[in-house]
Amino acid sequence: MLEPITKHVEHWRPELYDVIQSKVDELTILGYDEVSHDDVWRCLNQKVWRKNKELTLHQVVQDILHMTDQLFMSYLTVQAQKEPGDLMEHIEALSSNE
């Protein structure tokens, strides 16, 4: 039986454009304006793959598809606290429905 191929998550990223786009589209529908591929990727790196970045392709795809909007909001909140400026201003700018 073949062993699953495990690679650093960055090696899988070029193959994941459509999967990441699916998550970007989902977050946009949920009201997060201006979400990018990089936003989703950084969120996963900082919140999901902090301790283990050596994964199989199916694990990475599963993590992307199961990332919740609550996890993304948590990531945005931490990022906004690290940056100068008003926290609520950052959150409102990213989640405005106008």
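Residues numbered from 1 in each chain as written. Predicted model: local features only at pLDDT ≥ 70, side-chain atom pairs only at ≥ 80, totals over all residues. Heavy atoms only, no water.

Caption draft 1: Expanded view of the overall build of the protein chain. When helices and strands are tallied, the protein chain shows six helices and two strands. The secondary structure elements of the protein chain, listed N-terminal to C-terminal, are β-α-α-α-β-α-α-α. By the burial criterion, 31% of the 98 residues in the protein chain qualify as buried. A separation of at least 24 residues holds for 69% of the contacts in the protein chain among residues at least 6 apart in sequence. When the accessible surface of the protein chain is totalled, it reaches about 6,400 Å², and 53% of it is carbon and sulfur. (Helix = DSSP H or I, 4+ residues; strand = E, 2+ residues; numbered from the N terminus. Buried < 20%, exposed > 50% of the residue type's maximum accessible area, 1.4 Å probe, protein only. Contact = heavy atoms within 4.5 Å. Areas by Shrake-Rupley, 256 points an atom, 1.4 Å probe, with all protein chains shown as cover.)

Caption draft 2: Structural detail: the packing of helix α2 (residues 17-29) against helix α3 (residues 37-48). For the pair α2 and α3, interaxial distance at closest approach is 9 Å and the crossing angle is 100°. Classified by the angle their axes make, α2 and α3 are roughly perpendicular. Together, Tyr17, Ile20, Gln21, Lys23, Val24 and Leu27 of α2 and His37, Val40 and Trp41 of α3 make up the contact between the two elements. Class assignment of the residues belonging to the contact of α2 with α3 gives a composition of six nonpolar, two polar and one charged. (Axes fitted to C-alpha atoms, helices over the stretch in contact; angles between N-to-C directions. Parallel < 35°, antiparallel > 145°, perpendicular 65-115°, else oblique. Nonpolar A, V, L, I, M, F, W, Y, C, P; charged D, E, K, R; others polar.)

Caption draft 3: Region of interest: unusual backbone geometry. For Glu34, which is not glycine, the phi dihedral falls at a positive 60°. Looking at the element boundaries, Glu34 is found in the loop between α2 and α3.

Caption draft 4: Fine view of the packing of aromatic side chains. Applying the stated rule across the entire model yields three aromatic pairs. Aromatic side chains Trp41 and Trp49 sit 5.1 Å apart centroid to centroid with 65° between the ring planes, which places their arrangement in the edge-to-face category. The residues Trp41 and Trp49 share a single accessibility class, namely buried. Grouping aromatic residues by their ring pairs yields a cluster made of Tyr32, Phe72 and Tyr75. Taking the ring centre of Trp12 as reference, the NZ or CZ of Lys7 above it sits at 4.8 Å. (Phe/Tyr/Trp six-rings, centres within 6.5 Å; stacked < 30°, edge-to-face > 60°. Lys NZ or Arg CZ within 6 Å of the ring centre and 35° of its normal.)

Caption draft 5: Region of the structure containing the environment of Leu76. Mapped onto the elements, Leu76 comes out in helix α5 (residues 69-82). Along the backbone, Leu76 and Asp39 are 37 residues apart, and their C-alpha atoms lie at a distance of 8.9 Å.

Without other data, these values stay purely geometric and don't point to any function.
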